[in-house]
Amino acid sequence: MPTIKVLPHPEYAPEGAEIQANLGDSICEALLDNGIEIEHACEMSRACTTCHCIVRKGFDSLQEAEEEEEDLLDRAWGLEPQSRLSCQAIVNKEDLTIEIPRYSINHAKENH
């Protein structure tokens, strides 16, 4: 099972976290399954950018982003070359290190 290291985030993982992920799950699914309540306003349907994350380690092990995901990422706060929508980035065999940006474009957060 690959490991996802989550860098500290004041709301979702104040101390950081290290979780186990199932092969074939999205990063978003793995986070949610392990109690890290990352925003996902569109319920992982690739319609928003609230689950944006930055893959600091293991980026090249992920499949390439499709054009629709890249178009959405253009609207994400804090976009970087290693940015992905966590609902679209599927965990492979390599361990990952991710950073969840401090802000998202979702001004009216919903409880999920």
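Keep in mind that what you see is a predicted model, and the values were worked out from it rather than measured.

Caption draft 1: Summary view of the nonpolar core. Counting 27 residues, the largest nonpolar core has Ile4, Val6, Ile27, Leu31, Ile98 and Ile100 as its most contacted members. Elements that contribute at least two residues to this core include exactly strand S1 (3-6), helix H1 (27-33), strand S3 (52-57), helix H2 (67-73) and strand S5 (96-99). In terms of residues, this core owes the most to one element, H1, which gives five residues. In this structure Ile98 touches Ile4, Lys5, Val6, Leu7, Ile27, Leu31, Cys53, Ile54, Val55 and Arg56, once residues within four positions along its chain are discounted.

Caption draft 2: Up close: the side chain of Thr3. Looking at the secondary structure, you find Thr3 in strand S1. Taking relative accessible area as the criterion, Thr3 reaches 14% and is therefore assigned buried. A distance of 3.1 Å separates a polar atom in the side chain of Thr3 from a polar atom in the side chain of Gln20. With residues near it in sequence (within four places) discarded, Thr3 still touches Glu18, Ile19, Gln20, Asp95 and Leu96.

Caption draft 3: Examining the layout of surface pockets more closely. There is about 170 Å³ of room inside the second largest pocket. Lining the second largest pocket are 13 residues, with Phe59, Ala65, Glu70, Ser83 and Arg84 positioned closest to its centre. When grouped by side-chain class, the residues that make up the lining of the second largest pocket number six nonpolar, two polar and five charged.

Rules behind the numbers
- Residues numbered from 1 in each chain as written.
- Predicted model: local features only at pLDDT ≥ 70, side-chain atom pairs only at ≥ 80, totals over all residues.
- Heavy atoms only, no water.
- Core = buried A, V, L, I, M, F, W, Y, C linked by side-chain atoms within 4.5 Å.
- Buried < 20%, exposed > 50% of the residue type's maximum accessible area, 1.4 Å probe, protein only.
- Helix = DSSP H or I, 4+ residues; strand = E, 2+ residues; numbered from the N terminus.
- Contact = heavy atoms within 4.5 Å.
- Polar contact = N/O pair within 3.5 Å; in protein donor to acceptor, adjacent residues only side chain to side chain.
- 1 Å grid on protein atoms, 1.4 Å probe; cavity = no way out; pocket = protein on both sides within 12 Å on 5 of 7 lines; lining within 4 Å.
- Points joined across faces, edges and corners; volume = space filled by probe spheres on them.
- Nonpolar A, V, L, I, M, F, W, Y, C, P; charged D, E, K, R; others polar.

Scope: geometric values only; no functional claims are made or implied.
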